[in-house]
2 protein chains.
Amino acid sequence: MKARVTVTLKTGVLDPQGKAIVGALDSLDFKGIESVRQGKIFDIVLNDLTEDEAKKRLTAMCEQLLANTVIENYRIELL
Amino acid sequence: MKARVTVTLKTGVLDPQGKAIVGALDSLDFKGIESVRQGKIFDIVLNDLTEDEAKKRLTAMCEQLLANTVIENYRIELL
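For clarity, every value in this text was computed on a predicted model and none was experimentally measured. (Residues numbered from 1 in each chain as written. Chains lettered and ligands numbered in written order. Predicted model: local features only at pLDDT ≥ 70, side-chain atom pairs only at ≥ 80, totals over all residues. Heavy atoms only, no water.)

A. The arrangement of the overall build of chain A in detail. When helices and strands are tallied, chain A shows 2 helices and 3 strands. Ordered by position in the sequence, the α and β elements of chain A form the string β-α-β-α-β. Over its C-alpha atoms chain A spans a radius of gyration of 16 Å, topping by over 25% the 12 Å that the globule rule assigns to 79 residues. Overall, chain A is about 50 × 25 × 15 Å in size when its C-alpha atoms are taken along their principal axes. Counting over 79 residues, chain A shows a buried share of 38%. Considering only intrachain contacts with a sequence separation of at least 6, the fraction spanning at least 24 residues in chain A is 68%. As presented, chain A carries roughly 4,500 Å² of accessible surface, and 50% of it is formed by carbon and sulfur atoms. With 11 positive and 12 negative side-chain charges, chain A shows a spacing of 2 Å between the two charge centroids. (Helix = DSSP H or I, 4+ residues; strand = E, 2+ residues; numbered from the N terminus. Rg over C-alpha atoms; globule rule 2.2 N^0.38 Å. Buried < 20%, exposed > 50% of the residue type's maximum accessible area, 1.4 Å probe, protein only. Contact = heavy atoms within 4.5 Å. Areas by Shrake-Rupley, 256 points an atom, 1.4 Å probe, with all protein chains shown as cover. Lys, Arg positive; Asp, Glu negative; His and termini not counted. Charge placed at Lys NZ, Arg CZ, Asp CG, Glu CD.)

B. Inspection of the sheet that holds strand E3 (residues 72-78) of chain B at higher detail. Spatially, E3(A)-E1(A)-E2(A)-E2(B)-E1(B)-E3(B) is the arrangement adopted by the 6 strands of the open sheet, whose pairing is antiparallel. Of all the strands in the sheet, the pair left with one neighbour each is strand E3 (72-78) of chain A together with E3 of chain B. Across this sheet, the average inter-strand angle for adjacent strands is 20°, counted without regard to direction. Bridge analysis of strand E1 (residues 2-9) of chain B against E3(B) gives 7 bridges, and the strand direction is antiparallel. If you follow B:Ala3 over to E3(B), its bridge partner there is B:Leu78. Along the sheet, helix H1 (residues 16-27) of chain B contacts strand E2 (33-46) of chain A together with strand E2 (33-46) of chain B; its crossing angle with E2(B), the most-contacted strand, is approximately 120°. Taken strand by strand, helix H2 (residues 51-66) of chain B contacts E2 of chain A together with E1, E2 and E3 of chain B, and its axis lies near 155° from that of E3(B). (Pairing = 2+ DSSP bridges. Axes fitted to C-alpha atoms, helices over the stretch in contact; angles between N-to-C directions.)

Right under this line is the structure:
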């Protein structure tokens, strides 16, 4: 079973990397960019699980390793 | 206008970071994970553009800065 986990910064958390990208784009003459916020995705292949089990397992993985839940949100999609 | 750019490694390109995550998950007792591949997302807010212009602009941004097209694929979604 394949899944995609998307981890994004919570609203209000500063994103210096995103700010740097806005600066870099500006210096490449891409104007009119209001903001960029960077996030991560994890494409995960799991063996032999039902959908329910996979969701539970992935939620635990996010809570324990993949996301820092103090500053990040995560979303799980089964593909 | 809001857009999400997803950048993923091309098939066949090694992903040591993904391999490290599999190892870390394994040591946290998450068994049965076949593979993890990590990618990036960019949530971009653009000013005053039509859909067509925005798509063109975003494609240029990906080619020039956001993705390394030698080893990465990118996908643009307008939200």
